[in-house]
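Working through the structure, step by step
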Amino acid sequence: MGKLEDMGKKGIYYALLIFAIVLVVKHPVESTNFFIDVMYNSIRWIHTQGMDFYNFMTN
């Protein structure tokens, strides 16, 4: 069961990676801005989640 799940997750990651590469090749400027945006937002999301969790654990 675990092996199949891992393969599924890897498949999703590879599909996203290929999709990303195709996007970058076809639309370099737009996709670069988009990826910077996504990275920034996900880092900010992880940070806020982490702070919420920290506050929840310490209170």
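All of these numbers come straight from a predicted model, not from anything done at the bench. (Residues numbered from 1 in each chain as written. Predicted model: local features only at pLDDT ≥ 70, side-chain atom pairs only at ≥ 80, totals over all residues. Heavy atoms only, no water.)

Digging into the overall build of the protein chain
- For the protein chain, the helix and strand inventory stands at two helices and zero strands.
- Taken over the C-alpha trace, the protein chain has a radius of gyration of 17 Å; the compact-globule value for 59 residues is 10 Å, which it surpasses by more than 25%.
- Principal-axis analysis of the C-alpha atoms gives the protein chain an extent of 50 × 40 × 5 Å.
- Entry remark: accessible area of the protein chain is about 5,700 Å², with carbon and sulfur atoms responsible for 73%.
- Side chains of the protein chain give 5 positive and 5 negative charges; the mean places of these two sets differ by 9 Å. (Helix = DSSP H or I, 4+ residues; strand = E, 2+ residues; numbered from the N terminus. Rg over C-alpha atoms; globule rule 2.2 N^0.38 Å. Areas by Shrake-Rupley, 256 points an atom, 1.4 Å probe, with all protein chains shown as cover. Lys, Arg positive; Asp, Glu negative; His and termini not counted. Charge placed at Lys NZ, Arg CZ, Asp CG, Glu CD.)

Observations regarding a nonpolar patch on the surface
- Residues Tyr14, Leu17, Ile18, Ile21, Val22 and Val25 make up a contiguous nonpolar surface patch of about 620 Å² in total accessible area.
- Turning to its location among the elements, valine 22 is positioned in helix H1 (residues 2-26).
- Judged by its relative accessible area of 41%, valine 22 is partly exposed. (Patch = residues over 30% accessible without salt bridge, like charges linked within 9 Å, V, L, I, M, F, W, Y side chains within 5 Å. Salt bridge = Lys/Arg side-chain N within 4 Å of Asp/Glu carboxyl O. Buried < 20%, exposed > 50% of the residue type's maximum accessible area, 1.4 Å probe, protein only.)

Overview of the environment of aspartate 6
- Locating aspartate 6 in the fold gives a position in helix H1.
- It is 27 Å that separates the C-alpha atoms of aspartate 6 and tyrosine 40, two residues lying 34 residues apart in sequence.

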